Amino acid sequence: MARPPTIAIGPPDVVNVRWSDGASHRHRARDLRLACPCAHCIHEITRRPLLDPATIPADLACLDSTRIGNYATRFLWSDGHSSGLYTNDLLRRLGAATASGPGTG
Ligand SMILES: [Zn+2]
């Protein structure tokens, strides 16, 4: 089971995710917001995106993060949205997609 990462916000539009195995990823807050897995943003059954990226400001910031048990993290975004539970697996996948190759970071 993936262990929960350490989340550090800063600058406000950047979310740094560090894993216990030493991997770390730097996400634009807006990119994580667009990947929100909640039922408002992704259709629960079809997995079709319901969120229009045009409605998310380019300078969207992450205001806070809360660990949910050992399996997920909840973020509070500057657009007021906070219902997405980002599981460790999801964050890890998003991080892998962000890393463009060796030496990133
Ligand atoms: Zn959402």
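Residues numbered from 1 in each chain as written. Predicted model: local features only at pLDDT ≥ 70, side-chain atom pairs only at ≥ 80, totals over all residues. Heavy atoms only, no water.

1. Brief notes about the nonpolar core
Line of reasoning, step 1. By size, the foremost hydrophobic cluster in this structure holds 20 residues, and its most contacted members are Val-15, Phe-75, Trp-77, Tyr-86 and Leu-91.
Line of reasoning, step 2. Contributing elements (two or more residues each) for this core: strand S2 (14–18), helix H1 (29–34), strand S5 (72–77) and helix H2 (88–98).
Line of reasoning, step 3. Dropping the residues within four chain positions of it, Tyr-86 is found in contact with Leu-32, Arg-33, Ala-35, Cys-36, Pro-37, Tyr-71, Ala-72, Thr-73, Phe-75, Trp-77, Leu-91 and Leu-94. (Core = buried A, V, L, I, M, F, W, Y, C linked by side-chain atoms within 4.5 Å. Buried < 20%, exposed > 50% of the residue type's maximum accessible area, 1.4 Å probe, protein only. Helix = DSSP H or I, 4+ residues; strand = E, 2+ residues; numbered from the N terminus. Contact = heavy atoms within 4.5 Å.)

2. What about the sheet that holds S5?
Line of reasoning, step 1. If you trace the 3 strands from one edge of the open sheet to the other, you get S4-S5-S6, paired in antiparallel fashion. Each edge of the open sheet is held by one strand with a lone partner, namely strand S4 (62–68) and strand S6 (85–87). When the angles between neighbouring strand axes are averaged without regard to direction, this sheet yields 30 degrees.
Line of reasoning, step 2. Pairing geometry for S4 and S5, over 6 bridges, is antiparallel. (Pairing = 2+ DSSP bridges. Axes fitted to C-alpha atoms, helices over the stretch in contact; angles between N-to-C directions.)

3. A word on the sheet that holds strand S1 (residues 6–9)
Line of reasoning, step 1. In spatial order, the strands read S1-S2-S3; together these 3 strands make up an open sheet with antiparallel pairing. Edge positions in the open sheet fall to S1 and strand S3 (24–28), since each of these has one partner strand only. On average, each strand axis in the sheet is inclined to that of its neighbour by 20 degrees, with strand direction left out of account.
Line of reasoning, step 2. As paired elements, S1 and S2 share 4 bridges and run antiparallel to each other. Across the sheet, Ile-9 pairs through a bridge with Val-15, a residue of S2.
Line of reasoning, step 3. Taken strand by strand, H2 contacts S1 and S3, and its axis lies near 85 degrees from that of S3.

4. A closer look at the pairing of S2
Line of reasoning, step 1. Between S1 and S2, which pair antiparallel and follow one another directly, the connecting turn spans 4 residues, one of which, Gly-10, has a positive phi of 145 degrees.
Line of reasoning, step 2. Sheet analysis places S2 next to S3, joined by 5 bridges and oriented antiparallel. Bridge pairing in S3 places Asn-16 opposite Arg-26.
Line of reasoning, step 3. Here S2 folds back onto S3 in antiparallel fashion, the turn holding 5 residues, of which Gly-22 has a positive phi close to 100 degrees.

5. What about the side chain of Thr-73?
Line of reasoning, step 1. The topology assignment puts Thr-73 in strand S5.
Line of reasoning, step 2. Among residues more than four places away in sequence, those in contact with Thr-73 are Ile-7, Ser-65, Thr-66, Arg-67, Ile-68, Gly-84, Leu-85, Tyr-86 and Leu-91.

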